[in-house]
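Coordinate inspection notes
Here's the letter readout for the chains.
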Amino acid sequence: MIPLSQQSSFLLPDRLLLPLAIDHAQLQADLTVTDDFGWIDHLVTQNYQGSWTVLPLRHRAGATHPVMQIFADPTATIFEDTPLLARMPYIRSVLAAFDCPLQCVRLMRLAPGSIIKEHCDHDLAAEWGSARIHVPITTNDQVEFLVNRVPVVMAPGSAWYLRLADPHSVANRGISDRIHLVIDCSVNAWLMALLEQAAGQGG
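Read on for an overview of the structure. (Residues numbered from 1 in each chain as written. Predicted model: local features only at pLDDT ≥ 70, side-chain atom pairs only at ≥ 80, totals over all residues. Heavy atoms only, no water.)

**Quick look at the nonpolar core**
L107 and I183 are the most contacted members of the largest nonpolar core, which has 41 residues in total. For this core, the secondary structure elements donating two or more residues are α2 (24-31), β4 (52-60), α4 (83-86), α5 (89-96), β6 (102-110), β8 (130-138), β13 (178-186) and α6 (189-200). Per-element tally for this core: the top contributor is α6, with five residues. Not counting residues up to four positions away in its chain, the partners in contact with I183 are L95, F98, L102, C104, V105, A131, R132, I133 and V135. Y48, L110, V152 and L164 belong to the second largest nonpolar core, which has 19 residues in total. (Core = buried A, V, L, I, M, F, W, Y, C linked by side-chain atoms within 4.5 Å. Buried < 20%, exposed > 50% of the residue type's maximum accessible area, 1.4 Å probe, protein only. Helix = DSSP H or I, 4+ residues; strand = E, 2+ residues; numbered from the N terminus. Contact = heavy atoms within 4.5 Å.)

**Description of the pairing of β4**
Judged by how many residues are buried, β4 sits mostly within the fold: eight of nine residues are covered. Inspection of the sheet shows strand β2 (residues 40-41) paired to β4 by two bridges, in the antiparallel sense. Across the sheet, residue D41 finds its bridge partner in β4, namely T53. Both β4 and β6 contribute to a ladder of six bridges, which runs antiparallel. Bridge pairing in β6 links T53 to R109. One ladder, built from three bridges, connects β4 with strand β5 (residues 79-81); its direction is antiparallel. (Pairing = 2+ DSSP bridges.)

**A few points about α2**
L27, D30 and L31 are the residues of α2 that are buried. The buried residues of α2 occupy an angular sector of 110 degrees when projected down its axis, which confines them to one face. Here the buried face of α2 lies against α5, β6, β8 and β13. Two to three positions downstream of the cap, the backbone nitrogen of A25 sits 2.9 Å from a side-chain oxygen, assigning the N-cap of α2 to D23. (Arc of directions from axis to C-beta. Polar contact = N/O pair within 3.5 Å; in protein donor to acceptor, adjacent residues only side chain to side chain.)

What follows is the structure, encoded as structure tokens:
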């Protein structure tokens, strides 16, 4: 991980809207191939109620069991794409635009009536070297995503950095699935510059 002193001259906000152009319709088109794959229940069952499921697009190299493929292993250093990602040309192009090392990449689905309880993902902060980006693909106006107990309103096709080492929770009180593309990145100079640009624009 990159020391804070080498990354940023100030503490980043806990949420930043990134200046990235992403086509929501093309994201949704890529979702159609997921019907051929089985969504996997999230591992940490104590952190949620209802249905929170995952499809891996990139995982720790050599992981063959589905449970290990959806696990964001903080000790992993080598990653590989999944066959599902090969069938998603637009999402591949979105990932290619990130000029930084990509770690795990997943689709994460929260079913209607489900909640993710407040918790912290240790070390998931850009200042500590790892950043998680959320790109909503399907959502509804009854989804509430809280970071530090303050809502983050994320439109479909937007890209958000969230400091998830801080307390956060999600509730889907709507009648449709919430599906996000979730991208874990190693922070380098390019990504830190992007985050600082977003912070300068009011994030």
